[in-house]
Structure formats: C-alpha cells, structure tokens
Amino acid sequence: MNTHTPNIRPVIRQLDDAAINRIAAGEVVERPASAVKELVENAVDAGAKRISVDIADGGKTLIRVTDDGCGIAAEDLPLALSRHATSKIDGSDLLNIHTFGFRGEALPSLGAVGRLTITSRVPGEDAAEISVAGGTASAVKPAALNAGTVITLRDLFFATPARLKFLRTDRAEAQAITDVIKRLAMAEPYVRFELRDVSNDPRTVFKVEAQTGDVMDALKGRLRDTLGQDFTDNAIPIDTERDGLHLTGYAALPTYSRGAAVTQFLYVNGRPVKDKLLTGALRAAYFDFLSRDRHPAAALFIDCDPQLVDVNVHPAKSEVRFRDPGTARGLIVSGLRHALANAGHRASTTVAGATLGAMRPEPTEPRVYQMDRPSLGPRVPIETGFAEMAQDYSARVVEPAPMPEPETDPSDLPLGVARGQVHENYIVAQTATGMVIVDQHAAHERLVYEKLKTQMAENGVAAQALLIPEIVSLSSGDCARLLEIADDLARFGLGIEAFGGDAVAVRETPAILGEVDAKAMIHDILDELADLGSSQSVQARVEAILSRVACHGSIRSGRRMRAEEMNALLREMEATPHSGQCNHGRPTYVELKLADIERLFGRT
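What you are looking at is a predicted structure, and each value in this text was computed from that prediction instead of being measured.

Asker: Can you walk me through the packing of helix α2 (residues 32–45) against helix α4 (residues 106–113) in this structure?
Answerer: A pair of packed helices is characterised by two quantities: the angle between their axes and the separation of those axes. As a packed pair, α2 and α4 sit with axes 10 Å apart at the nearest point and diverge in direction by 140°. As for how α2 packs across α4, the hand of that crossing is left-handed. Every residue of α4 that contacts α2 at Ala35, Glu38, Leu39 and Asn42 is listed here: Ala106, Leu107 and Leu110.

Here is the structure:
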C-alpha cells in the first residue's frame, strides 16, 4: 500500500537527460543479451553481410559488435547518441516500418548505463570515433577502420550498480546471448554470423557462413547449422498465403516433438517475436497429434505489408499486434495441418537412430579374440539375449505374400511387404532399402481414429439438450469473449447463449461426452482463451472420446494376423495422413535402413 506524508503536496519535476536515458535503458536493456540484440539488429539494418560479436564475462564487461555495413558519417555520430534520433523512419508513419529499429533509443540507453565507443566509416570518407560513459559523451575524433562499424560496450550497468545484482551467472548470460544470435541468424540466412567468447581462453561459440540459393534452400541450410541436422531431416517445408499474409518456414513431424517449447521460433517480417497468438496457433495445429506434455518444433516466418501489423506495442518489440488476428492464426493452423497431412505416414528418422542405439551393446571390457586366449579351458554358456525368450517364444514367419502386380514396383511401397509377426503385436516388413517394424495396435488405432474424425466432420457432433439449462456467472470480459466463439463451440455440440447481465446459459452439450460439468468446461475454455488466444477444449474432449473408441475398435495386441491382413494394414497406413504417429504422438513404425543394419553387424 502506498503511503505519503499528509499536508505535503507532490511536486512534478522534469527529469534530466541522464535519468531519462537510464529509465529508457531499463525498458530496452534488461540484460547483456538485450544489448547484443539491439546492436546486432542495427548491423542488419545497416546492410551488413558479415557480423562478428565478441563478449567477455557473459557480456558484463565487454560486448563488441563489428559489421561491414554502410557505416555512420562523422558528423552524425553525436546525433546517433541522442534519444529518438534515427535514420530508419521520418516520423510521419509509424506503421510503415521495414527495419528492426525505429525508435532511436538503443545507443543513448546503452551509453547511459555503460561505457560505449562507436567507431565507424562510410565509403569515401575517413573513419571517426565517439565515446560516451554514464551519459557523458566525448568529442568526435579520427580513428582507423577499413569499413563498416565497430561498437564496443564495456562495464554494462556500471552507472546503475543495483542492476548488476539481478544478473545471472556469466555462463547463463552467455547462453542467453548465444540464443539471441541464433534467433537473429535464422532470420538472415544470407548474412555471416560469428560469436566469440574472449574472457580468458578465447573461443568461437557460434559461427555460420552466409547461405546461397533461393530463400527456402538458404533457410533450410541456416536451420541445419543452428538447430541441427536432425531437425531439417524431420521437418517439412511450409509455404502458404492468405489475405496478404505469407507464411514460410519449416515445421517438424509430430514424432520429432520436444518436452518443452524450446524449439519454437516465430518471426514477423523478419523480426523474432514471442507472441501468445502465434504460439497458440502453433499449438492448435499440432494438438490432435501430440499429448499435452509434448511440444512441436518449428521455425515459421510471416511476411506481410507493414501496414497490417503494429510492431510498436512492446518496449523490446518482442510482441506484435495484427490488424486481423484471426487471419494470422488461421493461416498458421491451416498451413501446418495441410503440410502435415501431405507428409502422410512419414515418421521421424530419430526414432530409427534411437532404435539402433538401443540395439548396439555397450562394451564392458576389451574384446578378446580366440587367438589371444592362452587355452580353451572349460566352455561357458554365452549370453545370447534369447534365453529369456526360450519359455515364451512368440514369433512366426508368414507365408510369402503374393507379389504386387507387374505394374506396381515393390520399391513403390514405402512400408514394404510383410514378412513376419513378432509377439503377436509387431509386424516385420521388408522394403526396397531395409526393413520396417510396425506396432499393429497403435497403427490401426490411428487409422480408425482418422476415419471417425472424417465421419464427425461430415455429419457434425450430435448435441444433447439439457432439461434445465445451466447458468454460469462470469465477468463481463469473460462473457463477451465466450460469446464471440459461440458459433465455433456450437459446431462441437456445446450450445451457449447470453443470459442477461454477465452470465451465459449452457443449453446443449456434446452427446458423445455423456454427463458433463458444464460450468467446469466453460471455465476451462476461458482459461485457454486467456492463455493461448483460442480454445480447443471442447474439440479436444470430443476427440479424446473418439480416440478411446478407436482404441477399443482397433486390432488388439496379441492377435495373430494373416499375411494379407498385415499387407492391407501397411497399404492403408501409406494412404492415410498422420498414420506415422499414434494418437499421443508416438511413432507407429520404425524404419531401419539396410546400411544401418549392416553397420550394426560390422559388415561395413
């Protein structure tokens, strides 16, 4: 609770420039990574093709950004350290922004809380340098520099020591800087980035070369360098457009999911953003394929006319506001679902890698060859791995399946031809390049589930009318938000309508759910709306029932299948979208390449 001395009238004062800049720095420069972000974005805006960043002690004692951009003229250096002085906009239209920066706050804010030096040279002129410490600037003086700009920031927050207490360890701050550089590097595949830690033992932390080729190829190469080969091997390209918004990027298969949302990168007009609307749309696109504790991996880029999005809604510009949020959300959901459907039965290659890793035994002692043994000695039974199966052997080889018709090449069958069944649950199939092991229950469960969803989409969700409508009291804001999506809820059998004041009447619930707690369901929907900007709560509950129905209606584990049944299941998997993962995002099959199998046995 605020208290103030009675009979003393507060006096309004005009703060001096130093205090103003330090306050601005508190909004813009939260930690060393924030300073790196601002300086690297300035380098990109300057047209740089090579950007190098040096840090020491997690950026607390040194941040140096070197670029080969257009540079700053000597006479403009003092103005560059003035608040709200920028070369990127003229101030007439704050919605027509094509650059990262536009406020003119970064350099004066950094100069207010640290020791800042700018050395720059424009083509055809001599280099010049200016320094500022704690808000006090020096005179411009000549310097030596071939081209571009070098900005050196030392002793960050020396002018505001209290801020230093809130910084984390050097290692944590250095990791945050690395994450910032990687995010910016993904958005600029044609720019070379390098990050070096020069604290004690200088080393290169991150380095990517400039990509060439068309945009999608360049982006794939940059994502491979930043996120790893596994991501690009298991990602599908996204390229779709709607109402002036263009969505591109790469999204990973559901079987390449993560335990946390750490591999989700979203950009609007090249600007990295962390926006609830966009992350909610990404989650919605995958919610039918992943359990709640798994998260999709994706790098998505939305490009549009700057007039359609407002980037001036957050001090750090990490959030944006679309003129039509529904279009942006719908573009992501429909674009991703369409791409995932086109991926068909495809599953993550990392599953096969994990399988081979599990098969490869760890040597516990040096290998001893027969020729090295001093004598034969008594024979000792060798652990083969089959002893535990001796009492309950459950594998059989099926009769050779009829070969496909001559016009169908066996190599055209991605999941191959069934050759056997193991433990009455796993189908072993031979492909042109290796073998496939299929979990028959999980695979058939997904096939039945997809059929049920198709039937529901065609016929709708049956609703059951409540004899006595349930009245749910809400705040005025929650009531308005809920009524805005009433039509969407009705498609899934939940009928609501306004009931005077700040309440809604629930008149119908989805029949497939049986008896439900309507009030709890309404509050779950509102929680999702507040957290993600949209709600799939009712749809998720309906489809959870369909999933359970599919589970009970699918081929059970322990059932022996004939060769024609197994092959029919394989062909249906090939023709059904999303059949590569079960209803919880786990793989329904594992593919092992012949080369990997031969390497497992040391044949290569």
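Asker: Where do I start with a negative patch on the surface in this structure?
Answerer: A surface patch of like charges, here negative, comprises Glu75, Asp76, Glu125 and Asp126. Tracing the backbone through its elements, the reader meets Asp126 in the loop between β3 (115–121) and β4 (128–133). Residue Asp126 is classed as exposed on the basis of its relative accessible area of 66%.

Asker: Can you help me understand the sheet that holds strand β22 (residues 495–498) in this one?
Answerer: Either a parallel or an antiparallel arrangement is found when strands of a sheet pair, and the pairing is made through backbone hydrogen bonds. What the three strands build is an open sheet, ordered β21-β23-β22; its pairing is antiparallel. Unpaired on one side and paired on the other, β21 (463–473) and β22 mark the two borders of the sheet. Direction aside, the axes of adjacent strands within the sheet are offset by 20° on average. The pairing of β22 with strand β23 (residues 503–510) spans four bridges and is antiparallel. Opposite Gly495, over in β23, you have Glu508 as the bridge partner.

Asker: Any chance you could explain α4 here in plain terms?
Answerer: Residues separated by three or four positions in an α-helix point in the same direction, a consequence of the helix having 3.6 residues per turn. The buried count for α4 comes to eight of eight residues, which makes it a mostly enclosed element. Three or more residues of α4 are buried, namely Ala106, Leu107, Pro108, Ser109, Leu110, Gly111, Ala112 and Val113.

Asker: Just to check I follow, could you spell out unusual backbone geometry for this structure?
Answerer: Excluding glycine, most residues fall at negative phi; most peptide bonds, likewise, are trans. Phi angles above zero are rare outside glycine, and Phe157 is one such case at about 70°. Relative to the elements of secondary structure, Phe157 occurs in the loop between β7 (148–154) and α5 (161–164). For Asn269, which is not glycine, the phi torsion reads 50° and is therefore positive. Within the fold, Asn269 resides in the loop between β12 (264–268) and β13 (271–273). Here Asn269 falls in the partly exposed class, since its relative accessible area comes to 31%.

Asker: Even after reading the chapter, I still don't get the pairing of β3, so can you show me in this structure?
Answerer: The two faces of the sheet receive side chains in turn, since in a regular strand these alternate between them. In this sheet, β4 lies alongside β3 in antiparallel orientation, the contact comprising six bridges. Of the residues in β4, the one forming a bridge with Thr117 is Ser131.

Asker: Even after reading the chapter, I still don't get the environment of Ala465, so can you show me in this structure?
Answerer: Along the chain, the position of Ala465 falls in strand β21. Distance in space between the C-alpha atoms of Ala465 and Glu508 is 4.4 Å, their sequence separation being 43 residues.

Criteria and cut-off values
- Residues numbered from 1 in each chain as written.
- Predicted model: local features only at pLDDT ≥ 70, side-chain atom pairs only at ≥ 80, totals over all residues.
- Heavy atoms only, no water.
- Axes fitted to C-alpha atoms, helices over the stretch in contact; angles between N-to-C directions.
- Helix = DSSP H or I, 4+ residues; strand = E, 2+ residues; numbered from the N terminus.
- Left-handed = near helix turned anticlockwise from the far one by under 90°.
- Contact = heavy atoms within 4.5 Å.
- Patch = residues over 30% accessible without salt bridge, like charges linked within 9 Å, V, L, I, M, F, W, Y side chains within 5 Å.
- Areas by Shrake-Rupley, 256 points an atom, 1.4 Å probe, with all protein chains shown as cover.
- Salt bridge = Lys/Arg side-chain N within 4 Å of Asp/Glu carboxyl O.
- Lys, Arg positive; Asp, Glu negative; His and termini not counted.
- Charge placed at Lys NZ, Arg CZ, Asp CG, Glu CD.
- Buried < 20%, exposed > 50% of the residue type's maximum accessible area, 1.4 Å probe, protein only.
- Pairing = 2+ DSSP bridges.

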